[in-house]
Amino acid sequence: DSGVTQTPKHLITATGQRVTLRCSPRSGDLSVYWYQQSLDQGLQFLIQYYNGEERAKGNILERFSAQQFPDLHSELNLSSLELGDSALYFCASSAGQGANTGELFFGEGSRLTVL
Amino acid sequence: GENVEQHPSTLSVQEGDSAVIKCTYSDSASNYFPWYKQELGKGPQLIIDIRSNVGEKKDQRIAVTLNKTAKHFSLHITETQPEDSAVYFCAAYGDGGTSYGKLTFGQGTILTVHP
């Protein structure tokens, strides 16, 4: 158990809909990262927050947004969903400000299926 | 931005043999190179990492080598065991330019160790 909690574990929805994925980081970790894992794209970095502020941005679509709340949990919002958004979405956390300061602890992921 | 290429995509070995996975990166500003192991149904977990000021690092049966000039790094697993079967990801952390602050992963290698 990494200590990172993601909900929901599975989600099935239709094209055009909007969903919210939630992540609770390990106790004491200030950084939260979101990654998308699909069969043909591997692990794609979406976005990182550190203590409530956006710190790094990857290939996150404009239809996607995220935030980190004062209690340090984070939410990833996916809107106008397309079939190609079906993937496993991972949240990870770390104590430090950067991904190079130590281990990223990954949750078990939220599997999104868009029909 | 950073591009990380990982080879091979699949690797099958007999128990007790060695396994080698290779990665190349494109951004010379990258300075931190972790390796993650992902077991079925779980999130990736850090197994070893290396920083750009070090050429080699070992931890029991696992070793990583880094050639900064050639921009490639490799994971070596000796005396493989069936429990080493998993997907392995290399990654590179960008410390400058458009890659700054991003941990970019390779496509992954599915390692199967046959008893």
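Residues numbered from 1 in each chain as written. Chains lettered and ligands numbered in written order. Predicted model: local features only at pLDDT ≥ 70, side-chain atom pairs only at ≥ 80, totals over all residues. Heavy atoms only, no water.

J.: I keep staring at the overall build of chain B and nothing clicks. Help me out?
T.: On a plain count of helices and strands, chain B comes out with zero helices and eleven strands. Counting helices and strands in the order they occur from the N terminus, chain B gives β-β-β-β-β-β-β-β-β-β-β. Over its C-alpha trace chain B gives a radius of gyration of 14 Å, about what one expects of a compact globule, namely 13 Å for 115 residues. C-alpha atoms of chain B, sized along the principal axes, occupy 45 × 30 × 20 Å. Relative to its 115 residues, chain B shows a buried fraction of 46%. In chain B, once contacts between residues fewer than 6 apart in sequence are set aside, the share between residues at least 24 apart is 54%. Carbon and sulfur atoms form 48% of the exposed surface of chain B, whose accessible area is close to 5500 Å². Counting 10 positive and 13 negative side-chain charges, chain B places the averaged centre of each group 5 Å from the other. (Helix = DSSP H or I, 4+ residues; strand = E, 2+ residues; numbered from the N terminus. Rg over C-alpha atoms; globule rule 2.2 N^0.38 Å. Buried < 20%, exposed > 50% of the residue type's maximum accessible area, 1.4 Å probe, protein only. Contact = heavy atoms within 4.5 Å. Areas by Shrake-Rupley, 256 points an atom, 1.4 Å probe, with all protein chains shown as cover. Lys, Arg positive; Asp, Glu negative; His and termini not counted. Charge placed at Lys NZ, Arg CZ, Asp CG, Glu CD.)

J.: Just checking my understanding: could you explain the pairing of strand 1 (residues 4–7) of chain B for this structure?
T.: Along a regular strand, successive side chains alternate from one face of the sheet to the other. All names here are of chain B. Residues Val4 and Gln6 point to one face of strand 1 and are all buried, whereas Glu5 and His7, pointing to the other face, are not buried. Alignment of strand 1 against strand 3 (residues 19–25), held across four bridges, turns out to be antiparallel. Bridge assignment links valine 4 to a residue of strand 3, and that residue is tyrosine 25. (Pairing = 2+ DSSP bridges.)

J.: How do you make sense of the nonpolar core when you look at a structure like this?
T.: Inside soluble globular proteins, nonpolar side chains tend to come together where they are buried. Among the nonpolar cores identified, the biggest contains 23 residues, and B:Trp35, B:Phe73, B:Leu75 and B:Leu111 are the most heavily contacted of them. Contacts of B:Leu111, omitting those with residues within four sequence positions, involve B:Leu11, B:Val13, B:Ala19, B:Ile77, B:Asp84, B:Ser85, B:Ala86 and B:Tyr88. Judged by nonpolar contacts, the second largest core, of 20 residues, contains A:Val4, A:Tyr49, A:Ala66 and A:Cys91. (Core = buried A, V, L, I, M, F, W, Y, C linked by side-chain atoms within 4.5 Å.)

J.: I'm lost on the packing of aromatic side chains in this one. Help?
T.: The relative placement of two aromatic rings is captured by the distance of their centres and the angle of their planes. This structure, assessed with the given rule, holds 13 aromatic pairs over all chains. Taken together, a centroid distance of 5.9 Å and an interplanar angle of 50° make the contact between A:Tyr35 and A:Phe106 tilted. Taken together, the residues span a long stretch of sequence, with A:Tyr35 in strand 4 (residues 31–38) and A:Phe106 in strand 10 (residues 105–106) at a distance of 71 residues. For A:Phe106, a relative accessible area of 3% corresponds to the buried category. An aromatic cluster of at least three residues, connected via ring pairs, comprises A:Tyr35, A:Phe45, A:Phe90, A:Phe106, B:Tyr36, B:Phe89 and B:Phe105. (Phe/Tyr/Trp six-rings, centres within 6.5 Å; stacked < 30°, edge-to-face > 60°.)

J.: Got a minute to help me understand the sheet that holds strand 1 (residues 5–7) of chain A in this structure?
T.: Hydrogen bonds between backbone groups are what pair the strands of a sheet, and the pairing can be parallel or antiparallel. Residue and element names in this part refer to chain A. Pairing is antiparallel across the open sheet formed by four strands, whose spatial order is 1-3-8-7. Taken across any chain shown, the strands that pair with only one partner, and hence form the sheet edges, are strand 1 and strand 7 (64–68). Each strand of the sheet is rotated relative to its neighbour by a mean of 15°, with strand direction disregarded. Bridging between strand 7 and strand 8 (residues 74–78) involves five bridges; their strand directions are antiparallel. Residue pairing for strand 8: phenylalanine 64 is matched across the bridge by leucine 78. (Axes fitted to C-alpha atoms, helices over the stretch in contact; angles between N-to-C directions.)

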